[in-house]
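Here is what each chain is made of, one letter per residue.
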Amino acid sequence: MPPGWGRRLAGMAKTSVPDFVLRPFEGLPSEPDWVAFREIVPAATATARTTKEYGARDVTVATMLPEGLAAMHRPDGTVLLGLQGALSSGDLSRDLAAALLAALDAEPGSAFAAAPADGPRLQDVLDLDVPFEVTVHDSYRYLADASAEEEEIEEELEDNETIPTVRLASVEHAYWCRMAKPFLRWARTEDEDDVVNAIARLHAKRESALELPGGEGRFLGMFRAAGLVVPVWELPDGTEAADVEQPIVELGKRLDKALKVKEPLDANERRARAGIISRQVTLR
């Protein structure tokens, strides 16, 4: 990230390492979007607020902060929580909560890296009734504030391009992006085995693709991230986010129907499932 950020890095006291938590964001509003912020969205922000016990303070949750920092109290008074920094212990939620609380108590201009902590988790610190309202950005300009200290990096931020990404409006927690090709990634909250089985049922019947104006959006596989599974589709060249809005609704109906089926997989579905599992990867 761009240099020149005025900050005071404060170290966190190391304590006993908590047990590993597979789904660190479980229980937070829009858990799949928290996972997407952590693993697949380059530049986005969302709304959060601490509970009355922790001051009822507004917090901007961000995908990324400079140099992998976890929290910042900017000179303009805004407090940011960054999700894409290094994982410090087995419970990311607890580490992030410690950094957030430190930033809230610190003087403007302070910044904090994540470190193992024994305090409360985000689920204890944040007001769970406040919606996690996502804004996807096309650059990292959201990191700049209005202080004179930050003016020198505004042009550099503006030129720092991100992977084009759009959060779809027709279904929840699905993100279109354009890399070498356009892709769709859809974070799911259902049990991993249930999602794999449901897509295997669709795949065996040749119903796992997105029917798009430019052709089929081919199901590629899925990955695990922060305890959730994220199916991925490769889209035809030239497919824009708007082209996917209605087809993903139709696919969602087929997927929901398949998720309700409880009978054992037949031979074709088992073969489809084996192929999905062989391509599955885990992110952190």
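Refer to the structure printed above.
Computed from a predicted structure; not experimentally measured.

Visitor: Is there a simple way to think about the packing of helix 6 (residues 192–204) against helix 8 (residues 267–278) in this case?
Guide: The description of two helices packed together rests on the angle between their axes and the distance between the axes. Taken N-terminus to C-terminus, the directions of helix 6 and helix 8 make an angle of 120°; their axes are 8 Å apart at the nearest point. Taken together, the axes of helix 6 and helix 8 lie oblique to each other. The hand of the helix 6/helix 8 crossing is right-handed. Listed contacts from helix 8 to Asp193, Val196, Asn197, Ile199, Ala200, Arg201, His203 and Ala204 of helix 6 are Asn268, Glu269, Ala272, Arg273, Ile276 and Ile277.

Visitor: Hey, could you run me through the packing of aromatic side chains in this one?
Guide: For any two aromatic rings, the description comes down to two numbers: the centre-to-centre distance and the angle of the planes. Evaluation of the coordinates by the stated rule reveals six aromatic pairs. Aromatic side chains Trp34 and Phe132 sit 4.7 Å apart centroid to centroid with 25° between the ring planes, which places their arrangement in the stacked category. Here Trp34, found in helix 1 (residues 31–39), pairs with Phe132, found in the loop between helix 3 (122–125) and strand 7 (134–136); they are 98 residues apart in sequence, far enough to count as distant. The same class applies to Trp34 as to Phe132, namely buried. The cationic tip of Arg188 hangs over the ring face of Trp186; the distance from NZ or CZ to the ring centre is 4.5 Å.

Visitor: How should I be thinking about the environment of His137 in this particular structure?
Guide: With respect to the helices, strands and loops of the structure, His137 is situated in the loop between strand 7 and helix 4 (148–151). Sequence spacing of His137 and Thr162 is 25 residues, and the spatial spacing of their C-alpha atoms is 8.5 Å. Leaving out residues up to four positions away in the same chain, His137 has contacts with Ala43, Ala44, Thr45, Tyr142 and Thr162. One polar contact links His137 to Thr45, side chain to side chain, over a distance of 2.8 Å.

Visitor: Looking at this structure, I do not really get the layout of surface pockets. What am I missing?
Guide: The method is simple in principle: a probe with the dimensions of a water molecule rolls over the atoms, and the space it marks as empty is what remains. One number sums up the size of the second largest pocket: a volume of about 190 Å³. If you trace the second largest pocket, you find it lined by His203, Arg206, Glu207, Ser208, Ala209, Glu216, Arg218, Phe219, Leu220 and Arg279. The element best represented in the lining of the second largest pocket is strand 12 (residues 215–225), accounting for four residues. For the lining of the second largest pocket, the residue count by class is three nonpolar, two polar and five charged.

Visitor: Looking at this model, I keep getting lost on the nonpolar core. Mind explaining?
Guide: Soluble globular proteins tend to pack their nonpolar side chains together in the buried interior. The biggest cluster of nonpolar side chains holds 43 residues, and the ones touching the most others in it are Phe25, Trp34, Phe37, Leu81, Leu96, Leu100 and Leu122. Ranked by size, the runner-up nonpolar core spans 28 residues in total, among them Ile199, Phe219, Leu235 and Ala258.

Visitor: What am I meant to see in helix 8 here?
Guide: For an α-helix, the turn length of 3.6 residues means that residues three or four places apart are oriented alike. With 12 residues, helix 8 ought to run about 16 Å at 1.5 Å a step, and its terminal C-alpha atoms sit 17 Å apart, in line with that. Within helix 8, burial applies to Glu269, Ala272 and Ile276. All buried residues of helix 8 project into a common sector of 60° when viewed along the axis, lining one side. Of the residues in helix 8, the exposed ones pointing more than 90 degrees away from the buried face are Arg271 and Ser278. In this fold, the buried residues of helix 8 make contact with helix 6 and strand 12. The N-cap of helix 8, judged by a side-chain oxygen 3.1 Å from the amide nitrogen of Asn268 a few residues on, is Asp266.

Visitor: Explain helix 2 (residues 92–105) to me, please; I cannot follow it from the model alone.
Guide: The first and last C-alpha atoms of helix 2 sit 20 Å apart over 14 residues, in line with the 20 Å expected at 1.5 Å per residue. The set of residues buried in helix 2 consists of Leu92, Ser93, Arg94, Asp95, Leu96, Ala97, Ala99, Leu100, Leu101, Ala103 and Leu104. At the N-terminal boundary of helix 2, the capping side chain belongs to Asp91, with an oxygen 3.2 Å from the backbone nitrogen of Ser93.

Visitor: Mind showing me how you'd approach the packing of helix 6 against helix 7 (residues 241–259) here?
Guide: The contact between helix 6 and helix 7 brings their axes to 8 Å, and the two run at 115°. As the angle between them shows, helix 6 and helix 7 are arranged roughly perpendicular. Considering how the two elements wind past one another, helix 6 and helix 7 form a crossing that is right-handed. Each of Asp194, Val195, Ala198, Ile199, Arg201 and Leu202 in helix 6 lies in contact with helix 7, whose residues at this interface are Leu251, Arg254, Leu255, Ala258 and Leu259. Here the residues of the contact of helix 6 with helix 7 are counted per class, giving eight nonpolar, no polar and three charged.

The rules we used
- Residues numbered from 1 in each chain as written.
- Predicted model: local features only at pLDDT ≥ 70, side-chain atom pairs only at ≥ 80, totals over all residues.
- Heavy atoms only, no water.
- Axes fitted to C-alpha atoms, helices over the stretch in contact; angles between N-to-C directions.
- Helix = DSSP H or I, 4+ residues; strand = E, 2+ residues; numbered from the N terminus.
- Parallel < 35°, antiparallel > 145°, perpendicular 65-115°, else oblique.
- Left-handed = near helix turned anticlockwise from the far one by under 90°.
- Contact = heavy atoms within 4.5 Å.
- Phe/Tyr/Trp six-rings, centres within 6.5 Å; stacked < 30°, edge-to-face > 60°.
- Buried < 20%, exposed > 50% of the residue type's maximum accessible area, 1.4 Å probe, protein only.
- Lys NZ or Arg CZ within 6 Å of the ring centre and 35° of its normal.
- Polar contact = N/O pair within 3.5 Å; in protein donor to acceptor, adjacent residues only side chain to side chain.
- 1 Å grid on protein atoms, 1.4 Å probe; cavity = no way out; pocket = protein on both sides within 12 Å on 5 of 7 lines; lining within 4 Å.
- Points joined across faces, edges and corners; volume = space filled by probe spheres on them.
- Nonpolar A, V, L, I, M, F, W, Y, C, P; charged D, E, K, R; others polar.
- Core = buried A, V, L, I, M, F, W, Y, C linked by side-chain atoms within 4.5 Å.
- Expected span 1.5 Å × (residues − 1).
- Arc of directions from axis to C-beta.

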